[in-house]
Every structure is written in structure tokens, then in C-alpha cells.
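So you can see what is in the structure, the chains are spelled out below.
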Amino acid sequence: MATESKPTIDKYKKPEPFWMKTKAFKGLCSWAFKASDRNSTGEVNKDELYAGMLFVHLNLAKYAGPAACYPPTRDVVDELFEASDDNNSGGIDEEEFRVIMVILCSQLTFRIAAYYIILITIVPYIIWTILKFMDL
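Sequence order as written defines the numbering, with residues in each chain counted from 1. Predicted model: local features are reported for residues with pLDDT of at least 70 only, side-chain atom pairs are reported and counted for 80 or more only, and whole-chain, interface and lining totals are derived from all residues. Hydrogens and waters are ignored; side-chain quantities use all the structure's heavy atoms.

This paragraph deals with the nonpolar core. As used here, the term nonpolar core means buried Ala, Val, Leu, Ile, Met, Phe, Trp, Tyr and Cys residues forming a set that is joined through side-chain atoms within 4.5 Å. The cut-offs for exposure are 20% and 50% of the maximum accessible area for each residue type, with area from a 1.4 Å probe on protein chains only; residues under the lower value are buried, those over the upper are exposed, and the others partly exposed. Residues F25, L49, V56, L60, F97 and M101 are the most contacted members of the largest nonpolar core, which totals 28 residues. Counting residues per element, the ones that place at least two in this core are α1 (23-36), α2 (46-64), α3 (74-84) and α4 (94-105). Here this core gets 8 residues from one element, more than from any other, and that element is α4. Any pair of residues with heavy atoms lying within 4.5 Å of one another is described as a contacting pair. In this structure, V56 is in contact with F25, L28, A32, M101 and C105, ignoring residues within four places of it in sequence. Helix and strand definitions here come from DSSP, where helices need a minimum of 4 consecutive H or I residues and strands a minimum of 2 consecutive E residues; each element is numbered from the N-terminal end.

The next subject is the packing of α2 against α3. Orientation of α2 relative to α3, taken along the N-to-C sense of each, is 120°, at an axis distance of 10 Å. The pairing of α2 with α3 is recorded here as oblique in orientation. Here the hand of the crossing between α2 and α3 comes out right-handed. Residues K46, D47, L49, Y50 and M53 of α2 touch α3, and the partners they reach there are R74, V77, D78, F81 and E82. Among the residues forming the contact of α2 with α3, the class breakdown is 5 nonpolar, no polar and 5 charged. Every axis corresponds to a line fitted to the C-alpha atoms, with the helix fit spanning only the stretch in contact, and the corresponding angles, defined between N-to-C directions, vary from 0 to 180 degrees. Note on terminology: angles under 35 degrees are roughly parallel, angles over 145 are roughly antiparallel, angles of 65 to 115 are roughly perpendicular, and the others are oblique. Take the far helix as your reference; a near helix turned counterclockwise from it by less than a right angle gives a left-handed crossing, and one turned clockwise gives a right-handed crossing. All residues other than Ala, Val, Leu, Ile, Met, Phe, Trp, Tyr, Cys, Pro, Asp, Glu, Lys and Arg, Gly among them, are scored as polar; the first ten of these are nonpolar and the last four charged.

Here the focus is unusual backbone geometry. A positive phi angle is found at S40, which is not glycine, with a value near 55°. Mapped onto the elements, S40 comes out in the loop between α1 and α2.

Moving on, we get to the environment of F97. Note on placement: F97 falls in helix α4. A residue is classified by how much of its surface remains accessible, and F97, at 0% relative accessible area, is buried. Expressed as a C-alpha distance, the spacing of F97 and S84, which sit 13 residues apart in the sequence, is 8.7 Å. If we skip the residues at most four places from it in the chain, F97 touches C29, A32, F33, S36, V44, L49, G52, M53 and I92.

For the pair α1 and α2, interaxial distance at closest approach is 9 Å and the crossing angle is 140°. Judged by the angle between their axes, α1 and α2 are oblique. Relative to α2, the crossing made by α1 is right-handed. Contacts from F25, L28, W31, A32, A35 and S36 in α1 reach E48, A51, G52, F55, V56, N59 and L60 in α2. A per-class count over the contact of α1 with α2 returns 9 nonpolar, 3 polar and 1 charged.

With that settled, consider a nonpolar patch on the surface. A surface patch of nonpolar side chains, amounting to about 910 Å² of accessible area, comprises I118, I122, Y125, I126, W128, I130, F133 and M134. Note that I122 resides in helix α5 (residues 108-133). To count toward a patch, a residue needs a relative accessible area above 30% and no salt bridge. Like charges then connect within 9 Å, nonpolar side chains (Val, Leu, Ile, Met, Phe, Trp, Tyr) within 5 Å. Per-residue and other accessible areas follow the Shrake-Rupley method at a 1.4 Å probe size, with only the shown protein chains counted as cover for residues. The term salt bridge refers to a side-chain nitrogen of Lys or Arg lying within 4 Å of a carboxyl oxygen of Asp or Glu.

Written out as C-alpha cells, the structure is:
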């Protein structure tokens, strides 16, 4: 019988969008890591990782709008935690936390672009159609 090996974080990595390389995003990740590291050990566990991910998504939603308001499920976050915890210590450090945040937020660029394209192009057309229908 072949033993199933644990997936590594490299399996989930994708190219980073430009905005995730900014000082602002790195600062947000650093703040979220420190805020979620309740016992100040320099590592976060699964629960703290999920809380940190929620901090990041809520703060991005302030600037990106509703497109950032759909965080990943707890199962996805737990799976990434397991892949990042190479030494099975039950914790991940700040750099691993940032890598996970990049992976979890990677779909946001497309979602934000799609949201604003729809908002800018389709909504005015719908309003114009309604006004035309109402003979205004």
C-alpha cells in the first residue's frame, strides 16, 4: 500500500497580483497576524489563522467593496494550514501567514474587476431601459 503524502503549500501557490506585493497589503497581513496571535508566540494556530483571514477580508472590503466580502470556507483555510505546517508544530509564522493570505485572496482581483465592470456597464443600461419603459 502506498502512503498518501501531505500536500505542501506549493500546490496552492499562484502568481501574486500586483496589489498583493504592495506595502499596504503586507502591512495589512502583518497587522492581522499580530491581532490574531492571541498569546504572542509568533505563531498562529488554525483558529487564529481563520480569524486573521477574516480580519484581512473585512479590511479589504472597506476599500474593494462587496466583492471582498466572500471569505473562503473554514475547510479551505484548514487545508492550507495543514499544507503550511511542515513540521507539524500546530502553528505557522508570519511569512507563512502572508503566503496563505495571498493564496486566499488571489481570486479577489478577478472578482473586484467583474463587480465594477458590471456596475459601470450593465447597471446604467438597466436604469436607461427602465426609464425608457416608463416614458420618462
